[in-house]
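So the chains spell out like this:
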Amino acid sequence: EQPIFSTRAHVFQIDPNTKKNWVPTSKHAVTVSYFYDSTRNVYRIISLDGSKAIINSTITPNMTFTKTSQKFGQWADSRANTVYGLGFSSEHHLSKFAEKFQEFKEAARIAKEKSHEKMELTSTPSQESAGGDIQSPLTPESINGTDDERTMPEVTQNSEPRAEPTQNALPFTHSSTISKHWEAELAALKGNNAKLTAALLESTANVKQWKQQLAAYQEEAERLHKRVTELECVSSQANAVHTHKTELNQTIQELEATLKKKEEEIEGLKQEIENARELQAQRDSLTQKLQEVEIRNKDLEGQLSDLEQRLEKSQNEQEAFRNNLKTLLEILDGKIFELTELRDNLAKLIECS
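Residues numbered from 1 in each chain as written. Predicted model: local features only at pLDDT ≥ 70, side-chain atom pairs only at ≥ 80, totals over all residues. Heavy atoms only, no water.

Q: Mind showing me how you'd approach the nonpolar core here?
A: One recurring pattern in soluble globular proteins: nonpolar side chains tend to sit buried together. In terms of nonpolar packing, the biggest core is built from 22 residues, with Tyr34, Ile45, Ile55, Trp75, Leu86 and Phe97 touching the most fellow members. For this core, the secondary structure elements donating two or more residues are strand S1 (2-14), strand S3 (30-37), strand S4 (42-49), strand S5 (52-58), strand S8 (82-87) and helix H1 (91-122). Examining the composition of this core, we find that five residues originate from one element, H1, more than from any other. If we skip the residues at most four places from it in the chain, Leu86 touches Ala9, His10, Val11, Val32, Ile55, Lys71, Phe72, Gly73, Trp75 and Phe97. (Core = buried A, V, L, I, M, F, W, Y, C linked by side-chain atoms within 4.5 Å. Buried < 20%, exposed > 50% of the residue type's maximum accessible area, 1.4 Å probe, protein only. Helix = DSSP H or I, 4+ residues; strand = E, 2+ residues; numbered from the N terminus. Contact = heavy atoms within 4.5 Å.)

Q: Hey, could you run me through the pattern of salt bridges in this one?
A: As a working rule, side chains carrying opposite charge can pair if their charged atoms are close by. Overall, the coordinates contain seven salt bridges when judged by the stated rule. Between Arg109 and Glu113 there is a salt bridge, and its shortest N-O distance comes to 2.4 Å. With a gap of four residues between them, Arg109 and Glu113 both fall in helix H1, about one helical turn apart. Residue classification places Glu113 among the partly exposed residues on the basis of a relative accessible area of 39%. (Salt bridge = Lys/Arg side-chain N within 4 Å of Asp/Glu carboxyl O.)

Q: I keep staring at the side chain of Glu220 and nothing clicks. Help me out?
A: Inspection of the secondary structure puts Glu220 in helix H3 (residues 172-278). In contact with Glu220, other than residues within four places in its own chain, are Ile14, Lys19 and Lys20.

Q: When you look at the pairing of S4 in this model, what are you seeing that I'm missing?
A: Extensive coverage of S4 is indicated by the burial of six of its eight residues. Sheet analysis places S3 next to S4, joined by six bridges and oriented antiparallel. Bridge assignment links Phe35 to a residue of S4, and that residue is Arg44. Two successive antiparallel strands, S3 and S4, enclose a turn made up of four residues, where Asn41 displays a positive phi of approximately 60 degrees. (Pairing = 2+ DSSP bridges.)

Q: What am I meant to see in a negative patch on the surface here?
A: A cluster of like negative charges, contributed by Glu263, Glu264, Glu267, Glu274, Glu278, Glu308 and Glu312, occupies part of the molecular surface. Residue assignment for the negative patch shows that the elements contributing at least two residues are H3 and helix H4 (283-352). The element best represented in the negative patch is H3, accounting for five residues. Assignment of secondary structure puts Glu308 in helix H4. (Patch = residues over 30% accessible without salt bridge, like charges linked within 9 Å, V, L, I, M, F, W, Y side chains within 5 Å. Areas by Shrake-Rupley, 256 points an atom, 1.4 Å probe, with all protein chains shown as cover. Lys, Arg positive; Asp, Glu negative; His and termini not counted. Charge placed at Lys NZ, Arg CZ, Asp CG, Glu CD.)

This is the structure:
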């Protein structure tokens, strides 16, 4: 088997007890690959976490890969009696994996149809020839018989030209040998017929089991759709928080602009006071104006105090937000460092192996 397509994703399996929750089978993103087995003509999905196989799923025509979100997909494996889930880093990787799944599923369907055609050819009943001899079909490679059973049709074919001579043309001993060949061929056909009957009964039992599993998977899909709806509601709430944050930032900018204007006004008033002190000769005429300016200054100082309180409150909120963001960034840096260290360790392990 050789890998024909590979990608990286986080691997999950459905909880076998609850059939509702996802259980992560890998602590980090691992390589998930499609393999093709040319001897069995089957496609498989395989993923390894170290030396442990966390996915070993054979693709069958009745499998379906479902995208449950922009970066998550799943499929059910009735042979493994589980549901696999993959979380990708982007929607593009998910779409590419889904396309390959559909492509190899179609290839598995075609291979299965060809196998059924071969089995139908082997199940065709034998017919009598015009001379009264039994004509048996060749046994295809799809029938699991013994080596003697596989080589028997060739011996029969080589005997056919001598099985239809004119009357009294062959000696009795030669006819007896041909009869033994036909008896052995008939026994082989009976054995193959018994095997096909057993395989049919087993397929019927598997179909019933698959129908039951399909009903369970449909119920699980409905639960997952409800979970997706809940997650979408949470996402909308996050969008509302982001909108509120944007509005707060705009308010802070407006307050800063207003504060700047007030500071400019205060600077102008101070300049006027300095000019008034320099013009002591005109003090008597400007006394009334100075009183008015002082009253106005008090009003502005009250407004400024109010604005400073509001600004301080906004700055505190902004500082708290920055602290939270800084904490998140530190946590993220730690996770990235751990992932980098883990990746280096894995690379070293791969090189050592």
